[in-house]
Amino acid sequence: MADTKVETLSRLAQWRIENFGASTYKRSDPFKIGIWNWHLSIEKNRYLYIRLFPEPSRLSKEQLPPPFARFMLRVTTTGTNRRPHISPVYERLLRTSDDFVWPIDSCLQGRFIIDVEFLDLKIYTPNGGEGKSIWPNDMILQSLATQSTLRCLSRMLDESIHADVTINTADGSVKAHKAILSASSPVFHSMFLHDLREKESSMIDIEDLSTESCTALLSYLYGTIKQEGFWKHRLSLLGAANKYDIVDLKNACEESLLEDINSGNVLERLQEAWLYQLNKLKKGCLMYLFEFGKIYDVRDEINNFFRQADRDLMLEMFQEVLTVWKPE
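Residues numbered from 1 in each chain as written. Predicted model: local features only at pLDDT ≥ 70, side-chain atom pairs only at ≥ 80, totals over all residues. Heavy atoms only, no water.

(A) Molecular detail of the nonpolar core. In this structure, Ile167, Leu181, Ile204, Leu249, Leu289 and Met317 are the most contacted members of the largest nonpolar core, which totals 60 residues. The element contributing the most residues to this core is helix H9 (residues 279-291), with seven residues. What Leu249 contacts, discounting residues up to four positions off in sequence, is Leu217, Tyr220, Phe230, Leu237 and Ala241. Counting 31 residues, the second largest nonpolar core, distinct from the first, contains Phe31, Tyr90, Val116 and Trp135. (Core = buried A, V, L, I, M, F, W, Y, C linked by side-chain atoms within 4.5 Å. Buried < 20%, exposed > 50% of the residue type's maximum accessible area, 1.4 Å probe, protein only. Helix = DSSP H or I, 4+ residues; strand = E, 2+ residues; numbered from the N terminus. Contact = heavy atoms within 4.5 Å.)

Given below as structure tokens:
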């Protein structure tokens, strides 16, 4: 079986070469990072040459602008104590396989791993502009409602048109509509359906959210949230989605938190994944730490993490270590 598959996670790609003995050239299967499909290739001559390039679109209607990529690579030989080959950070416009070649002064054979970390990806603009980063990705969160309906909902929220409930937050209050809240959350629906305090007083206390975060939550429920606001408040939105059983928001937060895992946030993300039972995010964090070898980047923080982490979570991390680093 040809070892041409590349594993991806967040902005990382990993190609495990199981046998590169007599071969002089090998090319990976396409893998997706951002909006492009990519290839890696290796060629052996006096040096080992590694190329990274996007896959050209086959149909004219699918033509994508070329990417302007900021990235770095690492080559690690398995089963030895050799230091890995680590490239500098490259910034390149990538069109074809000739636009980037990294020569390594070593003729590697047998098993080794090629890691690529994409630090940024921009859409190239031929008019000489700086280019637009694809991260954060401009997802369209208002997939079901028409634009006219969204404008009406936006006015209802912004101008408190016929608002019939007040939400008290940690630092203020905002107005909303029982019908919108009830349709969005079974928890809110239950509050207003039964003879509870919220029904009688037309007030809800959400003191674990700031006014700004609560406004972001309402903007999501009313279909008017912007991508920047979603990214800024997604951890608060995740907690609210879990508390009030807003499933689609919880899923959106999990997908978003998977998109930009890095060494500075992976332990926090892992804790959030465990707290809110986000299996996809948990798996992604464990892959980042162990399969992609980023555990060494957080060695200064890991002791404090273990002092606070749940015992079952630590057991799961240990099992992941055994799975990834089993003897060959």
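(B) Here's a closer look at the sheet that holds strand S14 (residues 173-176). Spatial strand order, S14-S13-S15: three strands in an open sheet with mixed pairing. Edge strands, defined here as strands with exactly one partner in the open sheet, are S14 and strand S15 (203-205). Taken pair by pair, the neighbouring strands of this sheet meet at an average axis angle of 25°, ignoring direction. In terms of strand pairing, strand S13 (residues 165-168) meets S14 through four bridges, oriented antiparallel. Residue pairing across strands places Thr166 opposite Lys175, the latter belonging to S14. Set on the sheet, helix H5 (residues 211-221) makes contact with S13 and S14; between it and S14 the angle comes to about 15°. (Pairing = 2+ DSSP bridges. Axes fitted to C-alpha atoms, helices over the stretch in contact; angles between N-to-C directions.)

(C) View of the UniProt feature "domain: BTB" (unreviewed entry) in the protein. Residues annotated by UniProt as "domain: BTB" (unreviewed entry) correspond here to residues 163-222. Measuring from the first to the last C-alpha atom of residues 163-222 gives 13 Å, for a span that is 52% helix and 18% strand. (UniProt positions renumbered as here; feature names shortened; annotations may be inferred.)

(D) Inspection of helix H3 (residues 186-193) at higher detail. For H3, the complete set of buried residues consists of Phe188, Met191 and Phe192. Buried residues of H3, viewed axially, fall in a sector of 85°; they line one side. The elements touched by buried residues of H3 are S13, helix H2 (178-184), helix H4 (197-201) and S15. (Arc of directions from axis to C-beta.)

(E) Local environment of unusual backbone geometry. Located in the positive-phi region is Ser10, a residue other than glycine, with phi close to 55°. By secondary structure assignment, the location of Ser10 is in the loop between strand S1 (6-9) and strand S2 (12-17). Within the chain, Ser202 stands out as a residue other than glycine whose phi angle is a positive 55°. For Ser202, the position within the fold is in the loop between H4 and S15. The exposure class assigned to Ser202 is partly exposed, which follows from its relative accessible area of 21%.

(F) Up close: the state of the cysteines. The full count for this structure, using the stated rule, is zero disulfides. Cys214 provides the cysteine sulfur closest to Cys253, a residue in no disulfide bond, and the two sulfurs are 14 Å apart. Cysteine Cys285 remains unbridged, with the sulfur of Cys253 as its closest cysteine sulfur at 14 Å. (Disulfide = S-S within 2.5 Å.)

(G) Molecular detail of the pairing of S14. Here S14 shows a buried face lined by Val174 and Ala176 and an unburied face lined by Ser173 and Lys175. Hairpin connection of S13 to S14: four residues between the antiparallel strands.

(H) Structural view of the pattern of salt bridges. All chains considered together, the criterion is met by 15 salt bridges. Of the charged contacts, one joins Glu212 and Lys232 as a salt bridge, the two residues approaching to 2.7 Å between their closest N and O atoms. Pair noted here: Glu212 is in helix H5 and Lys232 is in helix H6 (residues 227-243), with a separation of 20 residues, a long-range link. Residue Glu212 is classed as partly exposed on the basis of its relative accessible area of 44%. Between Arg234 and Asp260 there is a salt bridge; the shortest N-O distance is 2.8 Å. Separated by 26 residues along the polypeptide, Arg234 in helix H6 and Asp260 in the loop between helix H7 (247-259) and helix H8 (266-275) bring together distant segments of the chain. For the pair formed by Arg234 and Asp260, the shared burial category is buried. (Salt bridge = Lys/Arg side-chain N within 4 Å of Asp/Glu carboxyl O.)

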